[in-house]
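# Descriptive structure summary
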Amino acid sequence: MAKEESEAEKEQKLLSDADERSLHYIRGNPTRRVFPSPSSLSSLSSFDEPFPSSPSSPSLTLSLLDTLGSPATTATNGPSYFGFVIGASLPIAAATERLVLAWDQSGASFLTSPISSKIETIAGKWILEVLNLPNNCAVGFGTSASACTLVALAAARRELLSRVGWDFDNNGLFGAPEIKVVISELIHITVKKALRVLGFGMNRLIIAPMDHYGRVDPSKLPPLDSFTILCLQAGELNTGEFDPFSQIIPLAKKAGAWVHVDGAFGLWARASSRSELTEGIELADSWTTDAHKWLNTPYDSAMIICRYPHVLAGAMNSDAVYMSGSADSQKNLTLEFSRRPRGISIWATLRVLGRDGVKEMVDRHCNLAKRIGEGLGKQGFEVLNRVVINQVLFRCATDEQTQKVLQAAQASGKTWFGGTNWQGRPAMRISVSSWRTQQSHGDEVVALLGRIAAECAK
Ligand SMILES: *Cc1c(COP(=O)(O)O)cnc(C)c1O
């Protein structure tokens, strides 16, 4: 009689199966449809089944997920996806995640995971180095720029109130002095979301008007004071533009305002040869940025960086009688208590790339975006931005053509990028942010768009 498999043997087999399927998926990346085919999408209805009443074979569930699920993925981890700013997963980041998954650590504090605490402390230091920010800032590794912005703005409000003696933690906002918020006109929706969730009120936000390029215009900056939070951005999602930090932040700081910068992807320009775009950004009070976008780590991985470690640790403190931690424990810098130590794959990626490797990747993407912009111009498209970093904003002569070309490109399966609205008219946006994307992939998308435009013009 065959010996029954032990639990350990079953686990090994299942995990190996998953690893093999993952490798097979990765091998298919270069030729995968970039957006799933209609038939792969309609197969998704097979997942509509009743919740099972009894256990079943894990390997069958994995197989179902791979067989029907893999073809219904968008190939964001491939070379020809230019949508949003998505990034791919660098091999070292993906490999590290696999090991960390086996560790299954709760990266709350040293107590729950000494290794996570150690590595994330180093990752934080290296982040400040690669982004050239003050070396005594606190770095919290959170799930997303959205969550990290929420953290930053909560800490900012609490601190501005504390400077006039208001005890936010005990009294909340009942009867508190009003904190006003000034945002750039084109600030990202997730900053607005954070402000809304925190109760700042959409109707009360004060808009800082933009200049011709879509940056906050310093000459039209609304009045700021020590009860103001000013939200600026590095890397506008359509144009990639940067607010003129060196002109604005010193004024804001002089007025006593708190300056927060959303640099979800754009902050990485600071690690590149285009760092002059970020000049003066180091004067801000807090910053958010993603690793899952331009650093090409897997989801979900972002950072809140705060100039004043005690301010962040005060706002996010979650010490309890049964678990307290130092001020730099990640549970005291982020929203999470139990948490995946997402800083580890950031550390591994920075260790492998080094300063030069990060610079090379960001530069390569910016150079390729420039080349794509020039190529599209030659194909007769109207390029709407200056292509300062990795974003290309463009359209056809008529809105109808723009819509047609976009739909045809998305349906082609050869690439994918999204539409947007720029100054009241439809436009298309290409973002270069995957380590897998080479010059040839950029040239292919330009040629493809040329063919599609010619076809649509018939
Ligand atoms: C993507 C993005 C965000 C939101 O980041 P998430 O990590 O997706 O929450 C915020 N601001 C800008 C400019 C972005 O591009």
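Conventions adopted
- Residues numbered from 1 in each chain as written.
- Predicted model: local features only at pLDDT ≥ 70, side-chain atom pairs only at ≥ 80, totals over all residues.
- Heavy atoms only, no water.
- Near = heavy atom within 4 Å.
- Polar contact = N/O pair within 3.5 Å; in protein donor to acceptor, adjacent residues only side chain to side chain.
- Areas by Shrake-Rupley, 256 points an atom, 1.4 Å probe, with all protein chains shown as cover.
- Buried < 20%, exposed > 50% of the residue type's maximum accessible area, 1.4 Å probe, protein only.
- Helix = DSSP H or I, 4+ residues; strand = E, 2+ residues; numbered from the N terminus.
- Arc of directions from axis to C-beta.
- Contact = heavy atoms within 4.5 Å.
- 1 Å grid on protein atoms, 1.4 Å probe; cavity = no way out; pocket = protein on both sides within 12 Å on 5 of 7 lines; lining within 4 Å.
- Points joined across faces, edges and corners; volume = space filled by probe spheres on them.
- Nonpolar A, V, L, I, M, F, W, Y, C, P; charged D, E, K, R; others polar.
- Pairing = 2+ DSSP bridges.
- Axes fitted to C-alpha atoms, helices over the stretch in contact; angles between N-to-C directions.
- Parallel < 35°, antiparallel > 145°, perpendicular 65-115°, else oblique.
- Left-handed = near helix turned anticlockwise from the far one by under 90°.

### What about the site of the ligand?
For the ligand, the full set of nearby residues is Ser144, Ala145, Ser146, His188, Thr190, Gly235, Asp262, Ala264, Phe265, Asp290, His292 and Lys293. Within the side chain of Asp262, one N or O atom sits 2.6 Å away from a nitrogen atom of the ligand. Here Asp290 contributes a side-chain N or O atom positioned 2.8 Å from an oxygen atom of the ligand. Protein contact buries 86% of the 380 Å² of open area that the ligand shows by itself.

### As for helix H9 (residues 245–254)
For H9, the full list of buried residues reads Phe245, Ile248, Ile249 and Ala252. Down the axis of H9, the buried set is contained in an arc of 95°. They therefore lie on one face. Those residues of H9 that are buried are in contact with strand S4 (228–233) and strand S5 (258–262). Gly256, located one to two residues past H9, shows a positive phi value of around 90°.

### A word on empty space enclosed by the protein
Applying the stated criterion to the full structure yields three cavities of 30 Å³ or more. Looking at the largest cavity, its volume works out to about 40 Å³. Every residue along the wall of the largest cavity is listed here: Thr76, Tyr81, Phe82, Gly83, Ile86, Gly87, Ser431, Ser433 and Ser434. For the lining of the largest cavity, the residue count by class is three nonpolar, six polar and no charged.

### A word on the sheet that holds strand S11 (residues 425–431)
Taking strand neighbours across the sheet as the criterion, the four strands line up as S8-S9-S11-S10 in an open arrangement whose pairing is antiparallel. Looking along the sheet, the strands with just one partner apiece sit at the ends: strand S8 (382–383) and strand S10 (418–422). Looking at chain direction, strand S9 (residues 391–395) and S11 are connected through four bridges and run antiparallel. Opposite Val392, over in S11, you have Ile430 as the bridge partner. Across the sheet, helix H12 (residues 399–411) is in contact with S9, S10 and S11; its angle to S11 comes to roughly 35°.

### Structural notes on the packing of H12 against helix H13 (residues 439–457)
H13 packs onto H12 with a crossing angle of 125° between their chain directions and a minimal axis gap of 9 Å. When the interaxial angle is binned, H12 and H13 end up oblique. Along this stretch, H12 crosses H13, giving a crossing that reads as right-handed. Between H12 and H13, the contacting residues are Gln401, Lys404, Val405, Ala408 and Ala409 on the first element and Leu449, Ile452, Ala453, Cys456 and Ala457 on the second.

Treat this as a map of the structure, not an account of what it does.
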